[in-house]
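# Reading the structure
Residues per chain, in single letters:
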Amino acid sequence: MPPKKTQPKYRQIADYLREGILDGTFPAGQPLPSEELLAKQFGVTRPTVRQGITELRASGLVEAIMGRGTFVRSPHNRPSFTRPRGVRRTTEGRYVEADGIRWTDAEPATITRTDAPLALADLLRIPPGEPMFTYDTLQTADHGRLRQLHRTYVPFSVLTDTPYEEQQLPAAPELYEALAGLGHTLSFTEHLRPRMPLPDQAQALRLSEGVPLLHIFRLTTNQDGKPLALEEFFLPGEDLEVSYPL
C-alpha cells in the first residue's frame, strides 16, 4: 500500500482548533490562542497559522474582530435572540408581525416592475414572465442593531379590476390590510432555508465572513388558496433562531 499522506500543517492547525471549539477547550466568546503561540506549537510560520484559521472563518466557527483578535463562535451555544415567525391580526383589524418588532425602512423602498422568473412564478402560480410590482427595502430595528432585507412581489393579475390598477399598493404589513379590503381572507405560509449571502447582502446585513443568512419566503393566499403576494426576508444567521408554533 502507498504510504498515507500527512495532512498539510495548516489543515492540522484547523483540525486542532476545530476540535477544541467543539469540545469546549476554546469557549465561545473567547479569543483563540495567538498566531505566535500556534506557530511555535506547530513549528510553522504565522502565514501558515493564518491559513488554518481562514478555514475556520469560512465555516463560521471563528470571527476576526479588527484590533482585538480572532474569537470563537460555538455551534453548541443557544442564540441570544429568538424571533417568533408569523402574522397575527389585532382586535382593531391590523396585521402585525408575531415578533412584535417595529421595523423601519433604513432608506426609501425601491418600487419596480419586474417579470416573474420561473421559480417565483411557480410559487405564485402565474405564467413565467408575468409582470409584478416589486418592493425592495433594507429595514432596521433596535437603533440599527437588527437588520433585514425585505422584498415583496405582487402580480399585476391580482390587482385586475381593483382600485390598485390605478394607485400604488402599500408595502407589508399594510399590504395585508389592502388585500383584506378587497374581500380576501388571508392565510400565510413560510418556507425557510439557510444559505450563504451574496456580497451585497453580506454588506447590507453587516455579516462577517462565514456567516450564513436565513432566506424566508412568505406566501400570502386567499380563502380559495390563490396566491396573492410573495415576500422574501433575508435575516442574519448569526446568533439568531426563529420559532414557529405548530
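All residue numbers here refer to positions counted from 1 along the written sequence of the relevant chain. Given that the model is predicted, a residue must reach a pLDDT of at least 70 before its local features are reported, and side-chain atom pairs must reach 80 or more before they are shown or counted; all residues, however, enter totals for whole chains, interfaces and linings. Side-chain numbers here rest on the full set of heavy atoms in the structure, without hydrogens or water.

This part takes up the overall build of the chain. The secondary structure listing takes helices from DSSP runs of H or I that are at least 4 residues long and strands from runs of E that are at least 2 residues long, numbered from the N terminus. When you go through the chain residue by residue, the secondary structure sums to 6 helices and 13 strands. For a compact globule of 246 residues, the expected C-alpha radius of gyration is about 18 Å, and the chain comes in at 23 Å, more than 25% above that figure. If you line up the chain on its principal axes, its C-alpha atoms span 75 × 45 × 35 Å. For every residue, the accessible area obtained with a 1.4 Å probe (protein chains only) is divided by the maximum for its type, and the residue is called buried under 20%, exposed over 50%, and partly exposed between those limits. Relative to its full complement of 246 residues, the chain shows a buried share of 40%. Residue exposure ignores everything except the shown protein chains as possible cover, and the areas themselves are Shrake-Rupley values with a 1.4 Å probe. As presented, the chain carries roughly 14200 Å² of accessible surface, and 53% of it is formed by carbon and sulfur atoms. Residues scored as charged are limited to Lys and Arg (positive) and Asp and Glu (negative), so that His and the chain ends carry no count. Every charge is mapped onto a representative atom, which is NZ of Lys, CZ of Arg, CG of Asp or CD of Glu. Each charge sign in the chain was given a centre, from 28 positive and 31 negative side chains, and these centres are 8 Å apart. Here the radius of gyration uses the C-alpha set of atoms, whereas the globule reference equals 2.2 Å times the residue count to the power 0.38.

Bringing unusual backbone geometry into the picture now. Backbone torsion omega between A172 and P173 reads 5 degrees, so that peptide bond is classified as cis. Note that P173 resides in the loop between β9 (146-155) and α5 (174-181). The phi angle at D161 is positive, at roughly 60 degrees, despite the residue not being glycine. Of note, D161 is situated in the loop between β9 and α5. One non-glycine residue with positive phi stands out, namely R206, at about 60 degrees. For R206, a relative accessible area of 60% corresponds to the exposed category.

To estimate the expected span of a helix, subtract one from its residue number and multiply by 1.5 Å. In this model, helix α3 (residues 46-58) (13 residues) spans 18 Å end to end at C-alpha, consistent with the 18 Å of a helix rising 1.5 Å per residue. Among the residues of α3, V49, G52, I53 and L56 are the ones counted as buried. End-on, the buried residues of α3 take up no more than an arc of 95 degrees, which puts them together on one face. On its buried side, α3 packs onto α1 (9-22), α2 (35-42), β1 (62-65) and β2 (69-72). By construction, the arc corresponds to the directions joining the helix axis to the C-beta atoms. Whether two residues are in contact is decided by their heavy atoms: any pair within 4.5 Å suffices.

pLDDT gives the predictor's per-residue confidence on a scale running from 0 to 100. Confidence in the prediction for the chain averages 88 pLDDT; 95% of positions are at 70 or higher. Across the chain, strand β12 (residues 227-236) holds the top mean pLDDT of 96, while β1 sits lowest at 78.

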